[in-house]
Amino acid sequence: MATAFCTKLASIAEDQHTRFHLIHETDEPLRSQIKRFWTELGFAFPGVKEAWSAVFISWCVKQAGATKSEFLFAPMHAAFVRKAIKNAAAKTGMFRAFEIGTAKPEVGDIIQNNRGGNAFTFAHAAAHDDYPSHSAIVVETGTDNLGRFALTIGGNESDSVRQKRVPLTAAGFVAKRAKDPYICVIKDLK
(Lines give C-alpha, C1' and ligand atoms only; values in the text may rest on other atoms or scores of the structure.)
Protein backbone atom coordinates (compact mmCIF):
# COMPACT_ATOMS: atom_id res chain seq x y z
CA MET A 1 0.00 0.00 0.00
CA ALA A 2 1.36 3.40 -1.03
CA THR A 3 2.17 5.94 1.67
CA ALA A 4 0.37 9.28 1.81
CA PHE A 5 3.48 10.92 0.32
CA CYS A 6 3.67 8.43 -2.56
CA THR A 7 -0.04 8.88 -3.29
CA LYS A 8 0.37 12.67 -3.24
CA LEU A 9 3.39 12.51 -5.57
CA ALA A 10 1.45 10.37 -8.04
CA SER A 11 -1.52 12.73 -7.81
CA ILE A 12 0.66 15.78 -8.55
CA ALA A 13 2.14 14.06 -11.62
CA GLU A 14 -1.36 13.02 -12.78
CA ASP A 15 -2.61 16.59 -12.38
CA GLN A 16 0.26 17.92 -14.49
CA HIS A 17 -0.54 15.30 -17.15
CA THR A 18 -4.25 16.16 -17.13
CA ARG A 19 -3.53 19.89 -17.44
CA PHE A 20 -0.76 19.81 -20.04
CA HIS A 21 -0.57 16.56 -22.06
CA LEU A 22 -2.29 18.09 -25.08
CA ILE A 23 -0.05 21.18 -25.10
CA HIS A 24 3.39 21.50 -26.74
CA GLU A 25 6.23 22.89 -24.63
CA THR A 26 6.48 26.07 -26.71
CA ASP A 27 2.78 26.89 -26.25
CA GLU A 28 1.02 28.48 -23.29
CA PRO A 29 0.20 27.62 -20.62
CA LEU A 30 2.77 24.78 -20.60
CA ARG A 31 5.66 27.11 -21.44
CA SER A 32 4.95 29.19 -18.32
CA GLN A 33 4.55 26.03 -16.22
CA ILE A 34 7.96 24.77 -17.36
CA LYS A 35 9.46 28.11 -16.32
CA ARG A 36 7.76 27.60 -12.94
CA PHE A 37 9.37 24.13 -12.59
CA TRP A 38 12.83 25.69 -12.97
CA THR A 39 12.37 28.84 -10.90
CA GLU A 40 10.54 27.24 -7.97
CA LEU A 41 13.51 24.88 -7.58
CA GLY A 42 15.88 27.87 -7.53
CA PHE A 43 17.28 27.39 -11.05
CA ALA A 44 17.47 30.00 -13.80
CA PHE A 45 15.01 29.26 -16.61
CA PRO A 46 17.06 28.45 -19.74
CA GLY A 47 14.04 28.23 -22.06
CA VAL A 48 11.99 25.25 -23.18
CA LYS A 49 14.59 23.94 -25.62
CA GLU A 50 16.74 22.89 -22.64
CA ALA A 51 15.80 19.41 -21.37
CA TRP A 52 13.33 19.88 -18.53
CA SER A 53 12.35 16.31 -17.63
CA ALA A 54 14.54 16.18 -14.49
CA VAL A 55 13.20 19.50 -13.22
CA PHE A 56 9.68 18.12 -13.78
CA ILE A 57 10.49 15.14 -11.54
CA SER A 58 12.26 17.33 -8.98
CA TRP A 59 9.38 19.84 -8.90
CA CYS A 60 6.76 17.11 -8.42
CA VAL A 61 8.80 15.54 -5.58
CA LYS A 62 9.20 18.95 -3.93
CA GLN A 63 5.50 19.78 -4.33
CA ALA A 64 4.64 16.49 -2.64
CA GLY A 65 6.60 17.65 0.40
CA ALA A 66 10.14 16.28 0.12
CA THR A 67 12.95 18.49 1.33
CA LYS A 68 16.34 19.12 -0.27
CA SER A 69 17.92 16.99 2.45
CA GLU A 70 15.71 14.08 1.33
CA PHE A 71 15.91 14.46 -2.47
CA LEU A 72 18.56 16.08 -4.65
CA PHE A 73 16.52 18.51 -6.77
CA ALA A 74 18.50 18.74 -10.01
CA PRO A 75 18.27 19.62 -13.71
CA MET A 76 19.80 16.22 -14.62
CA HIS A 77 18.31 12.84 -13.71
CA ALA A 78 21.80 11.41 -13.24
CA ALA A 79 22.41 13.70 -10.24
CA PHE A 80 19.42 12.62 -8.14
CA VAL A 81 19.85 9.00 -9.27
CA ARG A 82 23.45 8.88 -8.07
CA LYS A 83 22.39 10.34 -4.70
CA ALA A 84 19.64 7.71 -4.44
CA ILE A 85 22.13 4.94 -5.28
CA LYS A 86 24.40 6.21 -2.48
CA ASN A 87 21.40 6.23 -0.12
CA ALA A 88 20.63 2.60 -0.96
CA ALA A 89 24.24 1.53 -0.45
CA ALA A 90 24.31 3.25 2.96
CA LYS A 91 20.76 2.12 3.82
CA THR A 92 19.81 5.73 4.58
CA GLY A 93 17.52 8.33 3.10
CA MET A 94 13.97 8.38 1.83
CA PHE A 95 14.84 7.77 -1.85
CA ARG A 96 16.95 4.71 -2.66
CA ALA A 97 17.87 3.49 -6.15
CA PHE A 98 18.12 -0.19 -7.03
CA GLU A 99 19.22 -1.91 -10.21
CA ILE A 100 16.48 -3.01 -12.61
CA GLY A 101 15.43 -6.54 -11.75
CA THR A 102 16.05 -6.11 -8.02
CA ALA A 103 13.18 -3.80 -6.97
CA LYS A 104 9.52 -3.88 -7.96
CA PRO A 105 8.13 -0.46 -8.91
CA GLU A 106 5.19 0.84 -6.89
CA VAL A 107 3.13 4.04 -6.93
CA GLY A 108 5.38 6.97 -6.04
CA ASP A 109 8.60 5.31 -7.20
CA ILE A 110 10.70 6.71 -10.06
CA ILE A 111 11.94 4.61 -12.98
CA GLN A 112 15.12 5.77 -14.76
CA ASN A 113 16.11 4.76 -18.28
CA ASN A 114 18.67 5.55 -20.94
CA ARG A 115 17.82 7.90 -23.79
CA GLY A 116 19.25 8.75 -27.17
CA GLY A 117 20.39 5.21 -27.89
CA ASN A 118 22.75 5.06 -24.90
CA ALA A 119 23.16 1.97 -22.73
CA PHE A 120 24.58 3.26 -19.45
CA THR A 121 24.58 0.64 -16.70
CA PHE A 122 23.70 0.82 -13.03
CA ALA A 123 27.44 0.74 -12.25
CA HIS A 124 27.92 3.77 -14.49
CA ALA A 125 25.04 5.55 -12.74
CA ALA A 126 26.62 4.84 -9.36
CA ALA A 127 29.86 6.51 -10.44
CA HIS A 128 28.62 9.46 -12.56
CA ASP A 129 26.12 12.28 -12.25
CA ASP A 130 26.38 13.89 -15.68
CA TYR A 131 25.17 11.44 -18.36
CA PRO A 132 21.97 11.83 -20.42
CA SER A 133 19.02 9.81 -19.13
CA HIS A 134 15.32 10.09 -18.38
CA SER A 135 13.00 9.15 -15.55
CA ALA A 136 9.31 9.18 -14.78
CA ILE A 137 7.04 8.81 -11.75
CA VAL A 138 5.01 5.62 -11.27
CA VAL A 139 1.34 6.59 -10.88
CA GLU A 140 -0.26 3.15 -11.20
CA THR A 141 0.58 -0.54 -11.40
CA GLY A 142 -1.68 -3.28 -12.64
CA THR A 143 -2.40 -5.99 -15.14
CA ASP A 144 -4.07 -5.70 -18.54
CA ASN A 145 -4.42 -7.91 -21.61
CA LEU A 146 -0.66 -7.46 -22.29
CA GLY A 147 0.39 -8.46 -18.77
CA ARG A 148 1.70 -6.59 -15.74
CA PHE A 149 2.62 -2.93 -16.12
CA ALA A 150 3.57 0.30 -14.38
CA LEU A 151 2.03 3.50 -15.71
CA THR A 152 4.45 6.42 -15.50
CA ILE A 153 4.21 10.16 -16.05
CA GLY A 154 7.20 12.20 -17.11
CA GLY A 155 8.01 15.66 -18.36
CA ASN A 156 9.64 16.56 -21.68
CA GLU A 157 8.32 13.38 -23.28
CA SER A 158 7.57 14.27 -26.91
CA ASP A 159 7.83 17.92 -25.82
CA SER A 160 5.02 17.73 -23.27
CA VAL A 161 3.89 15.90 -20.11
CA ARG A 162 3.11 12.31 -21.12
CA GLN A 163 2.27 8.95 -19.63
CA LYS A 164 3.75 5.64 -20.66
CA ARG A 165 3.07 2.00 -20.01
CA VAL A 166 6.20 0.23 -18.71
CA PRO A 167 5.97 -3.56 -19.09
CA LEU A 168 6.70 -5.59 -15.97
CA THR A 169 7.71 -9.23 -15.70
CA ALA A 170 5.30 -11.79 -14.25
CA ALA A 171 7.15 -11.32 -10.94
CA GLY A 172 6.56 -7.54 -11.03
CA PHE A 173 10.01 -6.25 -12.00
CA VAL A 174 10.63 -3.82 -14.88
CA ALA A 175 11.04 -5.86 -18.06
CA LYS A 176 14.39 -5.35 -19.74
CA ARG A 177 14.51 -3.80 -23.20
CA ALA A 178 17.22 -3.40 -25.82
CA LYS A 179 16.65 0.22 -26.93
CA ASP A 180 17.29 2.82 -24.23
CA PRO A 181 17.44 0.16 -21.47
CA TYR A 182 16.18 0.86 -17.99
CA ILE A 183 18.82 1.62 -15.37
CA CYS A 184 17.13 1.66 -11.96
CA VAL A 185 14.05 2.04 -9.81
CA ILE A 186 14.20 4.74 -7.17
CA LYS A 187 12.14 3.45 -4.28
CA ASP A 188 10.21 6.18 -2.47
CA LEU A 189 10.28 5.37 1.24
CA LYS A 190 8.82 8.68 2.41
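The structure we're discussing is the one just above.
Residues numbered from 1 in each chain as written. Predicted model: local features only at pLDDT ≥ 70, side-chain atom pairs only at ≥ 80, totals over all residues. Heavy atoms only, no water.

S.K.: So what about the side chain of Ser-58? Which residues, and what values?
M.R.: Residue placement: Ser-58 occurs in helix α3 (residues 53-64). Apart from residues no more than four positions distant in its own chain, Ser-58 is found in contact with Leu-41, Phe-71, Leu-72, Phe-73, Ala-74 and Phe-80. (Helix = DSSP H or I, 4+ residues; strand = E, 2+ residues; numbered from the N terminus. Contact = heavy atoms within 4.5 Å.)

S.K.: Got a sec to walk through the pairing of strand β4 (residues 147-157)? Specific residues and values, please.
M.R.: By the criterion of burial, β4 is predominantly enclosed, with eight of the 11 residues buried. Pairing of strand β3 (residues 133-144) with β4, which is carried by seven bridges, proceeds in the antiparallel orientation. Across the sheet, the residue bridging to Asp-144 is Gly-147, located in β4. From the end of β3 to the start of β4, which pair antiparallel, there are two residues. Bridge count between β4 and strand β5 (residues 160-167): eight bridges; the pairing is antiparallel. By the bridge assignment for β5, Glu-157 is matched with Ser-160. Remark: two residues form the turn of the hairpin made by β4 and β5, two consecutive strands paired antiparallel; Ser-158 in that turn has positive phi of roughly 50°. (Buried < 20%, exposed > 50% of the residue type's maximum accessible area, 1.4 Å probe, protein only. Pairing = 2+ DSSP bridges.)

S.K.: Can you tell me about the pattern of salt bridges, naming the residues and giving the values?
M.R.: Counted according to the given criterion, the structure contains eight salt bridges. With a closest N to O distance of 3.8 Å, Asp-15 and Arg-19 form a salt bridge. Residue Asp-15 and its partner Arg-19 are located together in helix α1 (residues 4-20), separated by four residues, close to a single helical turn. Judged by its relative accessible area of 43%, Arg-19 falls in the partly exposed class. Of the charged contacts in the structure, one is a salt bridge between Arg-36 and Glu-40, with a shortest N-O distance of 2.7 Å. Pair noted here: Arg-36 and Glu-40 are both in helix α2 (residues 30-40), with a separation of four residues, about one helical turn. By relative accessible area, which is 32% here, Glu-40 ends up partly exposed. Via salt bridges that share partners, Glu-106, Asp-109 and Lys-187 belong to a single interconnected network. (Salt bridge = Lys/Arg side-chain N within 4 Å of Asp/Glu carboxyl O.)

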